Amino acid sequence: APPSGNAPHAGAFTVRQLPRDAQAHARWDAFVAACPDATFFHRAGWQTVMEQGFGHDSYFLYAEQDGAIAAVLPLAHMRSRLFGSALVALPFCVYGGIAGGHDGVRRALDEAAQALARRLGVGHLEYRWRDARAGADAGWLQRPLYATFRRPLHGDAEQNLLAIPRKQRAVVRKGIANDLHSAIDYDLRHFYPIYAGSVHRLGTPVFARRHFALLRTVFGADCDILTVYQGLQAQASVLVFYFRDEVLPYYGAGTLLARSSGANDFMYWEVMRRAALRGCRLFDFGRSKLGTGAFEFKKNWGFVPQPLPYAYRLVRATALPEVNPLNPRYALFIRAWRRLPLPLANLLGPHIVRQLG
């Protein structure tokens, strides 16, 4: 168990580990829903995703003060033959780190995480902060690799459409003129083949189908799949998360026809339009690596990149691993992966991607 905080007296706090039961998860999630600096990726359901979906041990730590949760820190232990091991908040998630608490509580959680990292013998400890916090502290490293893209949503659809820069807005209108339409799907029948084919063309290993099925099961009504059709033909599809008044299109992809029809842009417009009707007032376009096509695509939508100050503390490693597809060392792997037959790539991909995080 993680070390306790102060001695037990009024105002003291104790660091505990989240039990694996529904009542404990509900209590954790009630705190996350009310905590201003918490994100969708602080939700307790990720404990289930980490363990059942990827086979990673999870350590969801929280500080309790006067019988109430004061701060949370979800962590998972990644073990990779390719890249070593790390304790991360949180793998496969764009945001993480400590949410809530005053300086003393946050320091106790951080100390508990560092002690856990040493006990597990990991190469490094990683916090995926959305806002600058731990990165400036002594002993933490930072690597400017990602930015996120977030912007307010209006309640009026026309205002949201006019907020898209003219050139990109023209592509959305092209999709409308091509009689594209969207629907909420209740299974993975269209989404998974579109997503798997898209990442294969990019030279990236794909998640297992069961990963997306598990997300739907764990997060329920807060996880949708929106698919864009031309007639009966599915051309683009995206898995979407909802958190408070935010919408996060997270895993999106299009077919080879999507570029010519405008289906990719129309898909994100439909996410915006439907989310505004649902009452969402912030659109989170997610993170992208600097210097990539996805980064430029989101800028072209009028979003301003906000650098993500991820923080890393070396434990047993002497340097951070270069787990980055922009690294020239991976160019050969990417080219070779694109040449694999799609069924073989879909079979092998989940065994590789679980080590990437």
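A.B. asks: Which residues make up the sheet that holds strand E11 (residues 233-243), and what values go with them?
C.D. replies: If you walk across this open sheet you meet the 7 strands as E9-E10-E11-E12-E13-E8-E14, and the pairing is mixed. Taken across any chain shown, the strands that pair with only one partner, and hence form the sheet edges, are strand E9 (180-185) and strand E14 (305-307). Averaged over neighbouring strand pairs, the angle between their axes works out to 30° when direction is ignored. Pairing analysis gives 6 bridges linking E9 to strand E10 (residues 223-230), with the strands arranged antiparallel. Note that in E10 the partner of Ala 183 across the bridge is Thr 227. Against the sheet, helix H7 (residues 209-219) makes contact with E9, E10, E11 and strand E12 (246-254), and its axis sits at roughly 45° relative to E11, the strand it touches most.

A.B. asks: With reference to specific residues and values, describe helix H6 (residues 191-202).
C.D. replies: Helix length check: H6, at 12 residues, gives a terminal C-alpha distance of 17 Å against a target of 16 Å (1.5 Å per residue), a fit within 8%. Within H6, 9 of the 12 residues are buried, which leaves the element mostly enclosed by the surrounding structure. Restricting attention to buried positions, one finds in H6 the residues Phe 191, Tyr 192, Ile 194, Tyr 195, Ala 196, Gly 197, Ser 198, Val 199 and His 200. On its buried face, H6 sits against H7, E10, E11, E12, helix H11 (331-339) and helix H12 (342-353).

What counts as what
Every chain's residues receive numbers from 1 upward, in the order its sequence appears when written. Restriction of local features to residues with pLDDT of at least 70 applies here, the model being predicted, together with a cutoff of 80 or more for giving and counting side-chain atom pairs; totals for whole chains, interfaces and linings are based on all residues. Excluded from the side-chain calculations are hydrogens and water; all other atoms, namely the structure's heavy atoms, are used. By definition, two strands form a pair when at least two bridges between them are found by DSSP. Helix and strand assignments come from DSSP, with helices taken as H or I runs of at least 4 residues and strands as E runs of at least 2, each series counted from the N terminus. Each axis is a line fitted through C-alpha atoms, taken for helices only over the stretch in contact, and angles between the N-to-C directions span 0 to 180 degrees. Contacts are residue-level and defined by heavy atoms, with any inter-residue pair within 4.5 Å sufficient. A helix's residues, less one, multiplied by 1.5 Å, set its expected span. Relative accessible area decides the class of each residue, using a 1.4 Å probe on protein chains only: under 20% of the type maximum gives buried, over 50% gives exposed, and in between gives partly exposed.

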